[in-house]
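Listed here are the chains, written in short residue letters.
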Amino acid sequence: MAASSRSQVLSLYRMLLRESKKFPSYNYRTYALRRVKDAFRENKNVNDPKTVEILLNRARDNLSIIQRQVSPPEETRTGDTLVESKRGFSQLVNN
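Residues numbered from 1 in each chain as written. Predicted model: local features only at pLDDT ≥ 70, side-chain atom pairs only at ≥ 80, totals over all residues. Heavy atoms only, no water.

- Under an unreviewed UniProt entry, the name given to the protein chain is LYR motif containing 4, and the source organism is Scleropages formosus.
- Heading Sequence similarities (unreviewed entry) of the UniProt record for the protein chain holds this comment: "Belongs to the complex I LYR family." (UniProt positions renumbered as here; feature names shortened; annotations may be inferred.)

## A closer look at helix α2 (residues 26-42)
The periodicity of an α-helix, 3.6 residues per turn, causes residues three or four places apart in sequence to face the same way.
Stage number 1. Between its first and last C-alpha, α2 extends 24 Å over 17 residues, near the 24 Å set by a 1.5 Å rise per residue.
Stage number 2. Where α2 is concerned, the buried positions are Ala 32, Leu 33 and Val 36. An end-on view of α2 places all buried positions within 95° of arc, on one side of the element. Within α2, the exposed residues directed more than 90 degrees away from the buried face are Tyr 26, Asn 27, Arg 41 and Glu 42. (Helix = DSSP H or I, 4+ residues; strand = E, 2+ residues; numbered from the N terminus. Expected span 1.5 Å × (residues − 1). Buried < 20%, exposed > 50% of the residue type's maximum accessible area, 1.4 Å probe, protein only. Arc of directions from axis to C-beta.)

## A short note on the layout of surface pockets
Stage number 1. Looking at the largest pocket, its volume works out to about 840 Å³.
Stage number 2. Leu 16, Val 36, Ala 39, Phe 40 and Ala 59 are, among the 27 residues lining the largest pocket, the residues nearest its centre.
Stage number 3. Elements that contribute at least two residues to the lining of the largest pocket include exactly α1 (3-20), α2 and α3 (49-70).
Stage number 4. Among the elements that make up the lining of the largest pocket, the one with the highest residue count is α3 (9 residues).
Stage number 5. Among the residues making up the lining of the largest pocket, the classes are represented as 19 nonpolar, 3 polar and 5 charged. (1 Å grid on protein atoms, 1.4 Å probe; cavity = no way out; pocket = protein on both sides within 12 Å on 5 of 7 lines; lining within 4 Å. Points joined across faces, edges and corners; volume = space filled by probe spheres on them. Nonpolar A, V, L, I, M, F, W, Y, C, P; charged D, E, K, R; others polar.)

Shown next as structure tokens:
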């Protein structure tokens, strides 16, 4: 495996682990971490450049899936609560 390919693999591995640790649920978090580690261990002896590229693309796709699952869409995030709101409760009721 070329040095640049090795650094790409290690960087992607670290990013997958980092993102997997962000799952709020213990079960999802441990499952994701285990799957990432097992998949990389299983393919650690792959030397064919085409196969490595296919596996890297699959890992990138999985990283984007994990990132979407860990970070909810913008419209589902909660904004300010009534207490934090710049407008007071009485202004909200009167409008």
